[in-house]
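# Chains, contacts and geometry: an overview
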Amino acid sequence: EAGVTQSPTHLIKTRGQQATLRCSPISGHTSVYWYQQALGLGLQFLLWYDEGEERNRGNFPPRFSGRQFPNYSSELNVNALELEDSALYLCASSPGISGREFHEQYFGPGTRLTVT
Amino acid sequence: AQSVTQPDIHITVSEGASLELRCNYSYGATPYLFWYVQSPGQGLQLLLKYFSGDTLVQGIKGFEAEFKRSQSSFNLRKPSVHWSDAAEYFCAVGTNSGNTPLVFGKGTRLSVIA
């Protein structure tokens, strides 16, 4: 069974540009989560999508946005990039929003975003 | 809201020695508890999980964790550490509320020396 995949592996952007990160969940999983892992800050919850809807959002500005497609894959967009957006962005998926399985998140390898 | 504390930022152990990584949580009811491991530059891998029942949980790679409600803890243990266990370890807590995402601790970095 294929795991969570993310693309690209690395992304280098200039301050002020926009970045688009992509995630494909495990087959059968409907929930997708996005996390930011900046140096020394641990995992910060960004966004959670399920069945195409945004279910919850972390404490991040509106220039962080995303969407989930009908095939459950997801996109994270970061507009007006700032230097402090440089981080590893992790995507995770889980089987759904009900029951214990909701909490079993399986992570992708991440996208390393560097803003110069 | 729930919270997680991992008191140790960095731990160094000798190969073959035993390991215990600490995790304390704050939540009013019975939480769902997880341990993840992250190798350098990689995503997180689920080591083990606790939902209910037996408080001693076995995971992959020879790890186990024990849920102690009285101490609000979920410490991770391994009897004999291998050099390949060097990584970052994250404890996470979830609730039975359908709209609340997992909350992760800040992680403990494990170094293994010969």
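The rules behind these values
- Residues numbered from 1 in each chain as written.
- Chains lettered and ligands numbered in written order.
- Predicted model: local features only at pLDDT ≥ 70, side-chain atom pairs only at ≥ 80, totals over all residues.
- Heavy atoms only, no water.
- Helix = DSSP H or I, 4+ residues; strand = E, 2+ residues; numbered from the N terminus.
- Rg over C-alpha atoms; globule rule 2.2 N^0.38 Å.
- Buried < 20%, exposed > 50% of the residue type's maximum accessible area, 1.4 Å probe, protein only.
- Phe/Tyr/Trp six-rings, centres within 6.5 Å; stacked < 30°, edge-to-face > 60°.
- Pairing = 2+ DSSP bridges.
- Axes fitted to C-alpha atoms, helices over the stretch in contact; angles between N-to-C directions.
- Contact = heavy atoms within 4.5 Å.
- Buried area = accessible area lost by both parts, 1.4 Å probe.
- Salt bridge = Lys/Arg side-chain N within 4 Å of Asp/Glu carboxyl O.
- Polar contact = N/O pair within 3.5 Å; in protein donor to acceptor, adjacent residues only side chain to side chain.

## What about the overall build of chain A?
When helices and strands are counted, chain A shows 0 helices and 11 strands. Going from the N terminus to the C terminus, chain A shows its helices and strands as β-β-β-β-β-β-β-β-β-β-β. Relative to the globule expectation of 13 Å for 116 residues, the C-alpha radius of gyration of chain A, 13 Å, shows essentially globular dimensions. Counting only C-alpha atoms and orienting by the principal axes, one finds that chain A spans roughly 40 × 30 × 25 Å. Taking all 116 residues of chain A together, 50% fall into the buried category.

## Some points on the packing of aromatic side chains
For the coordinates displayed, the defined rule picks out 15 aromatic pairs over all chains. Both rings, one in Tyr50(B) and one in Phe74(B), keep their centres 6.4 Å apart while their planes meet at 45°; by these two values the pair is tilted. Of this pair, Tyr50(B) sits in strand S6 (residues 44-50) while Phe74(B) sits in strand S9 (residues 73-78), and the two are 24 residues apart along the sequence. Each member of the pair Tyr50(B) and Phe74(B) is classed as buried. Through pairs of rings, three or more aromatic residues link up here, namely Tyr35(A), Phe45(A), Phe107(A), Tyr32(B), Phe34(B), Tyr36(B), Phe51(B) and Phe104(B).

## Describing the sheet that holds strand S1 (residues 5-7) of chain A
All names here are of chain A. With antiparallel pairing, the 4 strands of this open sheet are ordered in space as S1-S3-S8-S7. Strand pairing shows two members of the sheet lacking a second neighbour, S1 and strand S7 (64-68), which therefore form its edges. Across the sheet, the axes of successive neighbouring strands diverge by a mean angle of 20°, strand direction being ignored. By the bridge criterion, 3 bridges tie S1 to strand S3 (residues 19-24) in an arrangement that is antiparallel. Residue Gln6 lies in a different strand from S3, and its bridge partner there is Cys23.

## A few points about the interface of chain A and chain B
How large an interface is tends to be reported as the accessible area lost when its parts come together. With 22 residues of chain A at the contact, the number on the chain B side is 23 residues. Between chain A and chain B, roughly 1,800 Å² of surface is buried when both sides are summed, and carbon and sulfur atoms account for 56% of that area. Put simply, chain A and chain B have 1 salt bridge between them. Close ionic contact of Lys49(B) with Glu104(A) constitutes a salt bridge, the shortest N to O distance being 2.8 Å. Where chain A meets chain B, there are 3 residue pairs in polar contact (both at pLDDT 80 or more).

## Quick notes on the pattern of salt bridges
Residues and elements named next belong to chain A. Here the structure, examined in full by the defined rule, presents 10 salt bridges over all chains. For Arg55, the salt bridge goes to Asp50, with nearest N and O atoms at 3.7 Å. Here Asp50 falls in the buried class, since its relative accessible area comes to 3%. Measuring nitrogen to oxygen at the nearest pair gives 2.7 Å for the salt bridge that ties Asp85 to Arg63. Highlighted residues: Asp85 in the loop between strand S8 (74-78) and strand S9 (87-94) and Arg63 in the loop between strand S6 (53-57) and S7, separated in sequence by 22 residues. Salt bridges sharing partners connect three or more residues here, namely Arg22, Arg67 and Glu75.

## Observations regarding the side chain of Ser94(A)
Residues and elements named next belong to chain A. Here Ser94 lies in strand S9. The exposure class assigned to Ser94 is buried, which follows from its relative accessible area of 0%. Side chain to side chain, Ser94 and Tyr33 meet in a polar contact 2.8 Å long.

## Description of unusual backbone geometry
Outside of glycine, negative phi angles account for most residues, and trans bonds account for most peptide bonds. All names here are of chain A. The omega angle of the peptide bond from Ser7 to Pro8 is -10°, so this bond is cis rather than trans. Within the fold, Pro8 resides in the loop between S1 and strand S2 (10-13). A positive phi angle is found at Tyr72, which is not glycine, with a value near 75°. If you trace the backbone, Tyr72 turns up in the loop between S7 and S8. With a phi close to 45°, Ala80 is a non-glycine residue in the positive phi region.

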